[in-house]
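# Working through the structure, step by step
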Amino acid sequence: VATLRRLGLAENTLVVFTSDNGPSREGGSDPAYFNSSGGLRGVKRDLYEGGIRVPMIAHWPGTVARGAVSTHLSAFWDWMPTFADLAGQPAPAAIDGLSLAPTLTGRGRQTQHDYLYWEFHEGGGRLALRQGDWKLIWRTPLPSAVELYDIGRDPYEKSNVAESQPEIVAQLQRRAEELARELQGTVVDAARHRAPARPHLAVRGAAEPGERVEQDHDVAARLDQTLGALDREARQADVRVGARVRG
């Protein structure tokens, strides 16, 4: 961030600090030692909140309000459409993500997810579905025992209310089964297609679906210059630190 300020890029750069999972026990780590999950149940590769709920901090002077806090329910797959939206480009087709630009900038109306869905294949397999405050955790293969939590009232997932809410369980199970079948087909179909030979930039309204849009070399050149400058700054800082340590 300090380097971005020195280069005069801070007000034109969105910096996001976050994590792709909750605290881990890998490598001898002890999540409980620093209370890394803040009391949430579970760790990395769990579908409890401690495994999938992570902090996110966005820094963009002049655009993201200082000290602003949001309770908007989002996921990592929202970042692709967010970056596309902020860059004035169309998001890729057939994705589940929703742009977070209204939440970040305070402008426009934020679209809400109808649900969030996760699958983990370790440990025999399990899935989770979040819809509103309700969260279903279902161990696979299906059918199997389920857990249901009201995250709004029970964020630490201490009370499984599946038995007292059979209609909610049935509703979320039906949706989870539909998504599990849909994703299996999507994965199979995606494996049949190769990725483009080289990356390219899509320009809003410049091409019909499937038409190749050539890369904008001017944008790429400016990006290379910026990354080069950041790399040089980082290397110089490393040399200065190393010199002080050795000296």
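Every residue gets a number counted from 1 within its own chain, in the order that chain's sequence is written. Residues qualify for local features only when their pLDDT is at least 70, as the model is predicted, and side-chain atom pairs are given and counted only at 80 or more; totals for whole chains, interfaces and linings, by contrast, use all residues. Side-chain measures were taken over the full set of non-hydrogen atoms in the model, leaving aside hydrogen atoms and water.

## Quick look at the overall build of the protein
Going by this rule: Helix and strand assignments come from DSSP, with helices taken as H or I runs of at least 4 residues and strands as E runs of at least 2, each series counted from the N terminus. Exposed residues in this analysis have more than 50% of their type's maximum accessible area, buried residues have under 20%, and partly exposed residues fall in between, with area computed by a 1.4 Å probe over protein chains only. Contact definition: two residues touch when any of their heavy atoms are within 4.5 Å. The method behind every accessible area is Shrake-Rupley, applied with a 1.4 Å probe, and residues are considered shielded solely by the protein chains displayed.
In terms of helices and strands, the protein carries 6 helices and 6 strands. What you see in the protein, going N to C, is helices and strands ordered as α-β-α-β-α-α-β-β-β-β-α-α. The buried share of the protein, taken over its 247 residues, is 29%. Of the contacts formed within the protein by residues at least 6 apart in sequence, a portion of 47% connects residues at least 24 apart. Entry remark: accessible area of the protein is about 16,900 Å², with carbon and sulfur atoms responsible for 52%.

## Notes on the nonpolar core
Where we set the bar: Put simply, a nonpolar core is a bunch of buried Ala, Val, Leu, Ile, Met, Phe, Trp, Tyr and Cys residues held in one set by side-chain atoms that sit within 4.5 Å of each other.
Tyr-117, Leu-136, Trp-138, Val-146, Leu-148, Val-169 and Leu-172 are the most contacted members of the largest nonpolar core, which has 14 residues in total. Elements supplying a minimum of two residues to this core: β4 (126-131), β5 (134-139), β6 (146-150) and α5 (166-191). Tallying contributions element by element places α5 first for this core, with 6 residues. Leu-116, Trp-118, Ile-137 and Tyr-149 belong to the second largest nonpolar core, which has 10 residues in total.

## What to know about the sheet that holds β4
How we decide: Two strands make a pair as long as DSSP finds a minimum of two bridges between them. Inter-axis angles, ranging from 0 to 180 degrees, are taken between N-to-C directions of lines fitted to C-alpha atoms, where helices are fitted over the stretch in contact.
With antiparallel pairing, the 4 strands of this open sheet are ordered in space as β3-β4-β5-β6. With one partner strand each, in any of the chains shown, β3 (116-120) and β6 form the two edges of the open sheet. Here the strands of the sheet are splayed against their neighbours by 10 degrees on average, with no regard to which way each runs. Judged from the 5 bridges that link them, β5 and β6 form a sheet pairing that is antiparallel.

## Some words on the confidence of the model for the protein
To keep things clear, this is the line we draw: Confidence of the prediction at every residue is given by pLDDT, a number between 0 and 100.
Per-residue confidence for the protein gives a mean pLDDT of 80, with 73% of residues at or over 70. Low confidence marks residues 185-217, where pLDDT is under 50. Its contacts with residues over four positions away, or in another chain, come to 23 contacts. Scored below 50 in pLDDT, residues 238-247 makes 0 contacts in the model with residues more than four places away or belonging to other chains.

## What to know about helix α3 (residues 79-86)
Listed as buried for α3 are Trp-79, Pro-81, Thr-82 and Ala-84. Its buried side turned inward, α3 meets β1 (15-18), β2 (56-59) and α4 (101-105). Note on α3: the residue one or two positions beyond its end, Gly-88, has a positive phi of about 75 degrees.

## Re the packing of aromatic side chains
For clarity, the cut-off: What counts as a ring pair is set by centres within 6.5 Å for rings of Phe, Tyr and Trp (its six-membered ring), and what kind of pair is set by the plane angle: stacked under 30 degrees, edge-to-face over 60, tilted for all other angles.
Tallied over the full model, the rule gives 4 aromatic pairs. A centroid spacing of 4.8 Å and a plane angle of 85 degrees characterise the contact between Tyr-33 and Phe-34, whose relative ring orientation is edge-to-face. The exposure classification of Tyr-33 matches that of Phe-34, with both residues exposed. When the ring of Trp-77 is compared with that of Trp-118, the centres are 6.5 Å apart and the planes differ by 65 degrees; the resulting orientation is edge-to-face.

## Describing the pairing of β4
With 6 of 6 residues buried, β4 is to be regarded as a mostly interior element. A two-sided burial pattern is seen for β4, the buried positions comprising Arg-126, Ala-128 and Arg-130 on one face and Leu-127, Leu-129 and Gln-131 on the other. Bridge analysis of β3 against β4 gives 5 bridges, and the strand direction is antiparallel. Among the inter-strand pairings, Phe-120 is bridged to a residue of β4, identified as Arg-126. Pairing of β4 with β5, which is carried by 6 bridges, proceeds in the antiparallel orientation. Note on β5: the bridge partner recorded for Leu-129 is Leu-136. The antiparallel pairing of β4 with β5 creates a hairpin that spans 2 residues between the two strands, and Gly-132 there sits at a positive phi of about 65 degrees.

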